[in-house]
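This is what each chain is made of:
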Amino acid sequence: MANKASQEIVLGNTSTTNGGIRSTFQSLVLVLTTIVVVTGVYLTQEGGEWFEESSSNSMSSIIEESKCNMFNGKWVFDNITHPLYKEKQCTYMSDQLACEKFGRKDLSYQNWRWQPHQCHIPRFNAIAMLEKLRNKRLVFVGDSLNRGQWISMVCLVESSVLPSLKSMRTIANGSLSIFKAIEYNASIEFYWAPLLVESNSDDPINHRVANRIVRVKSIEKHARHWTDADILVFNTFLWWRRRAMNVLWGSFEDPDAVYKRVEMVRVYEMALRTWSDWLEVHVNRSKTQLFFVSMSPTHQRAHEWGGVKGENCYKETDLITQEDYWGNGTFPSMMRVVENVLQDLKSRGLNVQMLNITQLSEYRKEGHPSIYRKQWEPLTEEQISNPKTYADCIHWCLPGVSDTWNELLYAYIFHQ
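Since this is a predicted model, take the numbers as computed values, not measurements. (Residues numbered from 1 in each chain as written. Predicted model: local features only at pLDDT ≥ 70, side-chain atom pairs only at ≥ 80, totals over all residues. Heavy atoms only, no water.)

> Looking at this structure, I do not really get the overall build of the chain. What am I missing?
Secondary structure assignment for the chain yields ten helices and 13 strands. Burial statistics for the chain: of 416 residues in total, 52% are counted as buried. Long-range pairs, those at least 24 residues apart, make up 76% of the contacts in the chain between residues at least 6 apart in sequence. Only carbon and sulfur atoms are counted for the fraction: they give 50% of the accessible area of the chain, which is about 20100 Å². (Helix = DSSP H or I, 4+ residues; strand = E, 2+ residues; numbered from the N terminus. Buried < 20%, exposed > 50% of the residue type's maximum accessible area, 1.4 Å probe, protein only. Contact = heavy atoms within 4.5 Å. Areas by Shrake-Rupley, 256 points an atom, 1.4 Å probe, with all protein chains shown as cover.)

As structure tokens, then:
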């Protein structure tokens, strides 16, 4: 094919002016077609199905779900394209997640890129995302892990917005934080609702309570803050990790309210059913895209990945390489509850896409803040003498793992 293209270019040079122009144009088209075909074959051989790097105006066919499971793949070290932003350059970085700022020296956790086995994730394009969000609300709802994903999304786009054309504010007694890209009239928000339904842990600051109580039938207190959102990203897992919870029927102020101790998986399902019923009634199906982020794993027991018993993510600098590794920091029974609830919603005509980040995040034992974060309370002498005792093996450094969650979210937002 290449020889034929070359031959036609030569013939074009010996023709009349009009014929030469026509022949040259045809030859150029043929050459470009050849390059595209060859490149497509090459990329297909390298990474499975080929996804063209799309512009902001051409994002309609990023994912072929029938051919690609984006959550099945491997981490690839890539210090060329990753990180997608610099920690120090993000105006709204959280001190809970700014590991480099608080002394972490090994920064390779910023350079890992998720590569699905059968396709490619499109590179995050901040301008395309902002255009997609023009005159819209993207709202993350859930716990501190979802807050971390929200901060990641803000960091991914805010450098593309002039300082005078962006803002951040907090309302609803601190529960709702709103980043605004003024030129686009686009908002990226986070609403604190760690159990989705109403609970005694709803205060965004003072929420650490020993006796956790949930009102599994009450969600309107929270939901009124996200009712009009165009894209909703939910999560809830971390705050359910206990054998049982007290369930409240009635209000917190009612002296005759009924309390009952309920096993954790059962009460988790009850809360998600309330959440799904609200979605079925209130969501505008022609407008709103819905996502649920699966469990974010913890790395608090090093012996689970072959480390020393009694250790955790402290001092970890490498990934877990065992394929399909699954630690005890996540609960498959809870994941099945989510899958069943989402499947039931789908049967009722409402699609909620699960972002199944659990397995891919399981490999990233080195991606947590560990001791490299702001300590909100003074450290004790015992903690200072043994740093692993206060290592944060739950949240994720930024830039880092949460950016990959948003790369996956980005792909689905443009696909649906």
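> Hey, could you run me through unusual backbone geometry in this one?
Peptide bonds are, in most cases, trans, and in most cases residues other than glycine have a negative phi. With omega at 10 degrees, the peptide bond leading from His-82 into Pro-83 counts as cis. With respect to the element layout, Pro-83 can be found in the loop between strand S1 (73-77) and strand S2 (112-116). In this chain, Leu-398 is followed by Pro-399 through a cis amide linkage whose omega measures -5 degrees. Here Pro-399 shows up in the loop between helix H9 (381-385) and helix H10 (401-415). Although it is not a glycine, Asn-185 sits at a positive phi angle of roughly 50 degrees.

> When you look at the packing of aromatic side chains in this model, what are you seeing that I'm missing?
The geometry of an aromatic ring pair is captured by the separation of the ring centres together with the interplanar angle, meaning the angle of the planes. Under the criterion given, the structure shown has 16 aromatic pairs. Residues Phe-71 and Tyr-412 carry aromatic rings whose centres are separated by 6.2 Å and whose planes lie at 15 degrees to one another, so their mutual orientation is stacked. A residue pair is termed long-range when its members are at least 10 positions apart, and Phe-71 in the loop between helix H2 (17-47) and S1 and Tyr-412 in helix H10 qualify at 341 residues. Ring plane angle 70 degrees and centroid distance 5.9 Å describe the contact between Tyr-191 and Trp-226, whose orientation is recorded as edge-to-face. Taken as a pair, Tyr-191 in strand S6 (residues 186-192) and Trp-226 in the loop between helix H5 (220-223) and strand S9 (231-234) lie far apart in primary sequence, 35 residues in all. (Phe/Tyr/Trp six-rings, centres within 6.5 Å; stacked < 30°, edge-to-face > 60°.)

> I'm lost on the sheet that holds S9 in this one. Help?
Within a sheet, adjacent strands bond to each other through the backbone by hydrogen bonds, running parallel or antiparallel. Spatially, seven strands are ordered S4-S5-S6-S3-S9-S12-S13 in an open sheet, and the strand pairing comes out mixed. For this open sheet the edge positions go to strand S4 (166-171) and strand S13 (352-355), each flanked by a neighbour on one side alone. Averaged over all pairs of adjacent strands, the angle between their axes in this sheet comes to 15 degrees, without regard to strand direction. Pairing of strand S5 (residues 176-181) with S6 involves six bridges; the strand directions are antiparallel. Looking at S6, one finds that Lys-180 is bridged to Ser-187. Against the sheet, helix H4 (residues 144-158) engages strand S3 (137-142), S4, S5, S6, S9, strand S12 (289-293) and S13, with an angle of about 165 degrees to S6. Along the sheet face, helix H6 (residues 264-282) touches S9, S12 and S13 and points at about 170 degrees away from the line of S12. (Pairing = 2+ DSSP bridges. Axes fitted to C-alpha atoms, helices over the stretch in contact; angles between N-to-C directions.)

> Explain helix H7 (residues 332-347) to me, please; I cannot follow it from the model alone.
For an α-helix the count is 3.6 residues per turn, leaving residues at separations of three or four pointing the same way. The end-to-end C-alpha distance of H7, which contains 16 residues, comes to 22 Å, matching closely the 22 Å that a straight helix rising 1.5 Å per residue would cover. Taken residue by residue, H7 has Met-334, Met-335, Val-337, Val-338, Val-341, Leu-342 and Leu-345 as its buried positions. Buried residues along H7 cover an arc of 155 degrees about the axis, so they all sit on one side. Exposed side chains of H7 directed beyond 90 degrees from the buried face belong to Gln-343, Lys-346 and Ser-347. Contacts from the buried residues of H7 go to H6, S12, S13 and helix H8 (358-362). (Expected span 1.5 Å × (residues − 1). Arc of directions from axis to C-beta.)

> Honestly, the packing of H4 against H10 in this entry has me stumped. Any pointers?
Packed helices, taken two at a time, are described by the angle between their axes plus the distance between the axes. For the pair H4 and H10, the least separation of the axes is 9 Å and the interaxial angle reads 75 degrees. Taken together, H4 and H10 sit at an angle that is classed as roughly perpendicular. Where H4 abuts H10, its residues Leu-145, Gly-148, Gln-149, Ser-152, Met-153 and Leu-156 lie against Ser-402, Asp-403, Trp-405, Asn-406 and Leu-409. Among the residues forming the contact of H4 with H10, the class breakdown is five nonpolar, five polar and one charged. (Parallel < 35°, antiparallel > 145°, perpendicular 65-115°, else oblique. Nonpolar A, V, L, I, M, F, W, Y, C, P; charged D, E, K, R; others polar.)

> Looking at this structure, how should I read the pattern of salt bridges?
Side-chain pairs of opposite charge can arise where the charged atoms are in close proximity. Here the structure, examined in full by the defined rule, presents 19 salt bridges. Of the charged contacts in the structure, one is a salt bridge between Asp-78 and Arg-113, with a shortest N-O distance of 2.9 Å. Remark: Arg-113 occurs in strand S2 and Asp-78 occurs in the loop between S1 and S2; sequence separation between them is 35 residues. Residue classification places Arg-113 among the partly exposed positions, given a relative accessible area of 23%. When the shortest N-O distance is used, the salt bridge between Glu-311 and Lys-388 registers 3.1 Å. Placement of Glu-311 in the loop between S12 and H7 and of Lys-388 in the loop between H9 and H10 is noted, with a sequence separation of 77 residues between them. A residue is classified by how much of its surface remains accessible, and Glu-311, at 27% relative accessible area, is partly exposed. By sharing partners, the salt bridges in this structure join Arg-266, Glu-269, Arg-273, Asp-277, Glu-280, Asp-344 and Arg-348 into a single network. (Salt bridge = Lys/Arg side-chain N within 4 Å of Asp/Glu carboxyl O.)

> Looking at this model, I keep getting lost on the side chain of Thr-274. Mind explaining?
By the element assignment, Thr-274 lies in helix H6. Within the structure, the side chain of Thr-274 is placed 2.4 Å from the backbone oxygen of Val-216, a separation counted as a polar contact. Each residue touching Thr-274, except ones within four places of it in the same chain, is listed here: Val-197, Val-216, Lys-217, Ser-218 and Ile-219. (Polar contact = N/O pair within 3.5 Å; in protein donor to acceptor, adjacent residues only side chain to side chain.)

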